[in-house]
Amino acid sequence: MTSPLRRIGLRVIALGYLIVILVAPLALVFYRTFEDGIGPAWDALSTPETVNAFKLTLIITAIAVPLNTIFGIACGLAIVRRRFRGKGVVNALVDLPLALSPVVVGLSLFLLYGLDGWFGWLGDHGIQILFSLPAMVIATIFVSLPFVAREVVPTLREIGDEQEQAARTLGANSRQTFWRITLPAIRWAVIYGVVLTTARCLGEYGAVAVVSGRLQGETETATLRVEERYESFDLAGAYAISIVLALIAVLVLVAMTAIKPKEEAA
Amino acid sequence: MSIIATGISKRFGDFVALDNVSLEVPTGSLTALLGPSGSGKSTLLRVIAGLEAPDTGEIVISGEDATALPPQQRGVGFVFQHYAAFKHMTVRDNVAFGLKIRKRPKAEITDRVDRLLGLVQLQQFGHRYPAQLSGGQRQRMALARALAVEPEVLLLDEPFGALDARVRAELREWLRRLHEEVHVTTVFVTHDQDEAMEVADQIAVMNNGGIEQVGGPRELYEEPASEFVMSFVGPTTRVGETWMRPHDLEILLAPSPDAPEAMIERIVHLGFEVRVELVQADGETLWAQLTSDQCWELELAVGQIVYVRPSAERVFA
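Quick notes on the rules
- Just so you know, the residues in each chain are numbered from 1, in the order the chain's sequence is written.
- Naming scheme: in the order in which they are written, chains are lettered from A and ligands are numbered from 1.
- Totals for whole chains, interfaces and linings use every residue, but because this is a predicted model, local features are given only for residues with pLDDT of at least 70 and side-chain atom pairs only at 80 or more, for both listing and counting.
- Secondary structure elements follow DSSP: runs of H or I no shorter than four residues count as helices, runs of E no shorter than two count as strands, and numbering proceeds from the N terminus.
- Contact criterion: two residues are in contact if their C-beta atoms, reconstructed from the backbone, are within 7 Å.
- Using C-beta atoms placed from the backbone, we call a residue buried if 20 or more other C-beta atoms fall within 10 Å of its own, exposed if 12 or fewer do, and partly exposed for counts in between.
- Under the scheme applied, nonpolar residues are Ala, Val, Leu, Ile, Met, Phe, Trp, Tyr, Cys and Pro; charged residues are Asp, Glu, Lys and Arg; polar residues are all the others, including Gly.
- The criterion for strand pairing is that DSSP finds at least two bridges linking the strands in question.
- A fitted line through C-alpha atoms represents every axis, and for helices the fit uses only the stretch in contact; the resulting angles, taken between N-to-C directions, go from 0 to 180 degrees.
- Given a helix with a known number of residues, its expected span is that number minus one, times 1.5 Å.
- Throughout, the bend at a residue refers to the angle made by two axes, fitted to the seven residues ending there and to the seven starting there.
- For classification purposes, angles smaller than 35 degrees are called roughly parallel, those larger than 145 roughly antiparallel, those between 65 and 115 roughly perpendicular, and all remaining angles oblique.
- Each helix crossing is assigned a hand: it is left-handed if the near helix lies turned anticlockwise from the far helix by less than a right angle, otherwise right-handed if that turn is clockwise.
- As used here, a nonpolar core is made of buried Ala, Val, Leu, Ile, Met, Phe, Trp, Tyr and Cys residues. They are joined through C-beta atoms within 7 Å.
- The pLDDT score gives, residue by residue, the confidence of the prediction method on a 0 to 100 scale.

## Some points on the overall build of chain B
Across its full length, chain B carries nine helices and 18 strands. The C-alpha extent of chain B, read off along each of the three principal axes, is 80 × 45 × 30 Å. Considering only residue pairs separated by 6 or more positions, chain B has 63% of its internal contacts joining residues 24 or more positions apart.

This is the structure in C-alpha cells:
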C-alpha cells in the first residue's frame, strides 16, 4: 500500500525532474528572448535570412510529412497484415533511422549524390541535389521515416483483422475496407505519428547541416539559422528563432489534440 | 440457398485443420458445427464464408460454385465471436454499413436499419457507440449488421462464446425465434453440446478435422455413430466394455442375476438431477443419473451396497 506521503514524494520527484530537464531551459529561453521587450526579438525574426529559413523549414516539412505518412501507413499494413519474404528485414530497416546518427545520414547522402557518388551523374544533367532543396528534403525524410510506421504497427496488431474481415463479408472491397474501416480505426495512431514526424522535421539539424551547404538566405533552415546566429554572438536572434520553432511544434500538438476522436474517450 | 461443401481440405503448416470434409446444409435449415477446439469447425465456417481458401475441394452456395469468389461476392452474413464491431461507428452506422457499400437510397437505408434495430431490440441504442453496449447487445448489433444485406446464408462463429451463461441462454432462445422469423439458411459453430441441441435442427459433429456424424439432435443422442459422438453429445459412463448413458443405469436394492454389485461412493444433488457415483468390486468406477424423486424413494446413502442393471438400449460398444 502506498501512503499519501509516498505518493506526494513520487509526484515531487516526477515534477521536479520535468522542471529541471524541460521547463527550466524553455522558460529561460523565453525570458532571454523578451528580456529587452519585443522589439529586438521582432527585428531578429524579420530579417530576410530568417524569414527565408522558416520558409525553407516549412517547405521541407510540408513535403516530408505527407510522404512519410503515406509510407508509414503502407509499411505498417505490410508488416502486420501481409506475409512476405524479407518481412523481418523491412521491419528492422524501418527502425534504422532511429539508430543512425543524423550526421552519418547526411554524410552517406553526401557520398551518394556527390561528384563521385552513384548518383553524381545527375549533376552532369543539370539536376542539383546536394546543397539545395532536394538533398535537404531527402535527408529530412530519412531521419523522420520511422515515426508513423512505429505508431501504426502496434495499433494494427491490437485491433486485429476481424473488423476488416467483417467489412469484406458485408460487401466492401479492399479499397473501401481501408478507407472506411482500417484508417478510421488507426487514425489516432496516425495522428500521433504525424505529430512526431512533424516535430522531427522541424527540429532536424545534423543531416541537413551536412547536405545543405548552409548558404545564408538560400539553404539555411530555421535550426541551422539558430546555430548561425549563436555563432555570430546574436543571442537574442537565436533565442527568438528558437521560440518560434517551439511555438510551431506546440501549435501542431494542440491542433492534433483538438481533433482527437470523441468516442474513444468513452 | 443451400450450402454444399465437397472434399474440403485445409492445412496450416503441419497442422491439418480439415481433412477431406463434405457437408450439405439444406435451404432454410439451422445447422450447428459442434466439436472440441481444434476440430476444424471454425475453419470450415471460414472456408464457406471465403475468409479462408481451401487447399482442395469446392463450395457451392445456392447452386453456384463459390470456391473462387472473394467473401464480398458470396452473399454471406458472418458473425464473429468477438463481435468485430466497427468501434468508430454508431450502432446505426454499423448496421447500415453493408447497405451504404451497396449505395442504396438513403430512405431505404433508414427504413431498413430501423426495422433491423427493432428486430434485435436495439431501437433506443442507435446513436450509441459499440463501447457503450453490453456484450449481448453488441452481438445482437453484429447480427443485425449481417442480416442488413439480406444474405443468402448466415454464418455464426461461436456467436455466444464470449458471453456469460445467462445472456447466452437468452440469445440462444432468441436466435431460434429469429430463425423462425427470417428463415435464412444458418450455420453456427459451437463447442457447447447443449447449445447445439437446443438451437439447431441439424448438427454436424466434428473431430480432428473431419465430420464424425451429421443428424438431428435426437438421432445423435440416441444413435451415435461413434464413441466420440456418444461422449460429446451427452453424458456417458463405462460399464465393463460398453459405454452407456448414465440415466440408463438402474439402481436396485436387492440382488439380481444381471446386475453387478457396487458401492455408493458419493451422491451429488444438482436439483432435479442426482448423480450417484459408484465403485464396483473390481475397483472400476461408474455413475448413474437419477431424478431426485427416485433417489428419495430408494433412500440411497453413501457406503451402501447396491446392484446396477444396465438397460440394454442405447449402448455403444
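After that view of the structure, there is still more to cover.
## Side note on the overall build of chain A
Summing up its helical and strand segments, chain A has 13 helices and zero strands in all. The order of α-helices and β-strands along chain A, N terminus first, is α-α-α-α-α-α-α-α-α-α-α-α-α. Along the longest, intermediate and shortest principal axes, the C-alpha atoms of chain A span 70 × 65 × 30 Å. Across the 266 residues of chain A, 35% fall into the buried class. Here the contacts in chain A between residues at least 6 apart in sequence split such that 76% fall between residues at least 24 apart.

## Some points on the interface of chain A and chain B
On the chain B side, the residues contacting the 17 residues of chain A number 22 residues. Listing elements by their share of the side of chain A that touches chain B, those giving two or more residues are helix 9 (162-169) and helix 10 (174-203) of chain A. No other element matches helix 9 of chain A, which puts six residues into the side of chain A that touches chain B. Of the residues belonging to the side of chain A that touches chain B, the class tally is eight nonpolar, six polar and three charged.

## Structural notes on the sheet that holds strand 16 (residues 285-291) of chain B
Residues and elements named next belong to chain B. On the basis of which strands lie adjacent, the open sheet formed by five strands has the order 13-17-14-15-16 and antiparallel pairing. In the strand order of this sheet, the two ends are held by strand 13 (249-252) and strand 16, each with one partner. Neighbour-to-neighbour, the strand axes of the sheet open up by a mean angle of 45°, direction not taken into account. Inspection of the sheet shows strand 15 (residues 273-280) paired to strand 16 by seven bridges, in the antiparallel sense.

## Here's the deal with the pairing of strand 14 (residues 261-269) of chain B
Residue and element names in this part refer to chain B. In this structure, strand 14 lies alongside strand 17 (residues 305-310), joined through three bridges in antiparallel fashion. By the bridge assignment for strand 17, Glu261 is matched with Tyr307. Between the end of strand 14 and the start of strand 15, which pair antiparallel, lie three residues, with Gly271 showing a positive phi angle near 100°.

## A look at the pairing of strand 16 of chain B
Regular strands show a simple pattern: their side chains alternate between the two faces of the sheet. Burial along strand 16 of chain B is one-sided: the residues Leu286, Ala288 and Leu290 of chain B are buried and none of Thr285, Trp287, Gln289 and Thr291 of chain B is. Linking two consecutive strands that pair antiparallel, namely strand 15 of chain B and strand 16 of chain B, is a turn of four residues; a positive phi of about 90° is found at Gly283 of chain B within it.

## What to know about the environment of Val76 of chain B
Looking at the secondary structure, you find Val76 of chain B in strand 6 (residues 76-79). It is 20 Å that separates the C-alpha atoms of Val76 of chain B and Leu34 of chain B, two residues lying 42 residues apart in sequence. Other than its neighbours up to four places away in sequence, Val76 of chain B contacts Thr169 of chain A together with Ala49, Pro71, Pro151, Val153 and Leu155 of chain B.

## What to know about helix 10 of chain A
Here helix 10 of chain A contains 30 residues, and its C-alpha end-to-end distance of 37 Å is more than 12% below the 44 Å for a straight helix at 1.5 Å per residue. Along helix 10 of chain A, the largest kink reaches about 60° and is centred on Arg187 of chain A.

## A look at helix 1 (residues 4-33) of chain A
Structural remark: α-helix, 3.6 residues per turn; residues separated by three or four positions point the same way. Residues and elements named next belong to chain A. Spanning 30 residues, helix 1 covers 41 Å between terminal C-alpha atoms, matching the ideal 44 Å at 1.5 Å per step. Along helix 1, the helix axis deviates most sharply at Ile19, where the bend reaches about 45°. In terms of residue burial, helix 1 counts as a barely covered element, since only one of its 30 residues are buried.

## With respect to the environment of Leu23 of chain B
Residue and element names in this part refer to chain B. For Leu23, the location among the structural elements is in strand 2 (residues 15-25). Leu23 sits in the buried class, given 20 other C-beta atoms within 10 Å. Considering only alpha carbons, one finds Leu23 and Arg115, 92 residues apart in sequence, at a separation of 33 Å. Here Leu23 is in contact with Ala5, Ala204, Ile211 and Val214, once residues within four sequence places are set aside.

## Topic: the sheet that holds strand 6 of chain B
Residue and element names in this part refer to chain B. Pairing is mixed across the open sheet formed by six strands, whose spatial order is 6-7-8-3-9-10. This sheet does not close on itself; its edge strands, each paired only once, are strand 6 and strand 10 (210-215). For this sheet, the mean inter-axis angle between neighbouring strands, taken without regard to orientation, is 15°. One ladder, built from five bridges, connects strand 7 (residues 153-157) with strand 8 (residues 185-190); its direction is parallel.

## Topic: unusual backbone geometry
Its identity as a non-glycine residue notwithstanding, Phe131 of chain A has a phi of 60°, on the positive side. Within the fold, Phe131 of chain A resides in the loop between helix 6 (121-124) and helix 7 (133-143).

## With respect to the environment of Ala196 of chain B
Note on placement: Ala196 of chain B falls in helix 6 (residues 193-199). The contacts of Ala196 of chain B, once residues within four sequence positions are left out, are Ala32, Leu34, Thr190 and Ile203 of chain B.

## Digging into the packing of helix 5 (residues 102-113) of chain A against helix 7 of chain A
All names here are of chain A. The contact between helix 5 and helix 7 brings their axes to 10 Å, and the two run at 135°. What the angle tells us is that helix 5 and helix 7 run oblique. Two packed elements cross with a definite hand, and for helix 5 against helix 7 that hand is right-handed. Counting all contacts with helix 5, which are made through Pro102, Val105, Gly106, Leu109 and Tyr113, the residues of helix 7 involved are Ala135, Ile138, Ala139, Phe142 and Val143. Among the residues forming the contact of helix 5 with helix 7, the class breakdown is nine nonpolar, one polar and no charged.

## Section: the nonpolar core
The nonpolar side chains of soluble globular proteins are, as a tendency, buried together. Within the largest apolar cluster, 130 residues are counted, with the highest numbers of intra-cluster contacts made by Ala139 of chain A together with Ile48, Ala144 and Leu155 of chain B. Residue contributions to this core peak at nine residues, all from helix 10 of chain A. The residues touching Ala139 of chain A, leaving out its near neighbours within four places in the chain, are Val105, Gly106, Leu109, Ala207, Val208 and Val211 of chain A.

## Some points on the confidence of the model for chain B
Considering every residue of chain B, the mean pLDDT works out to 91; 98% of them sit at 70 or more. This complex was scored by the predictor with a pTM of 0.82 and an ipTM of 0.84.

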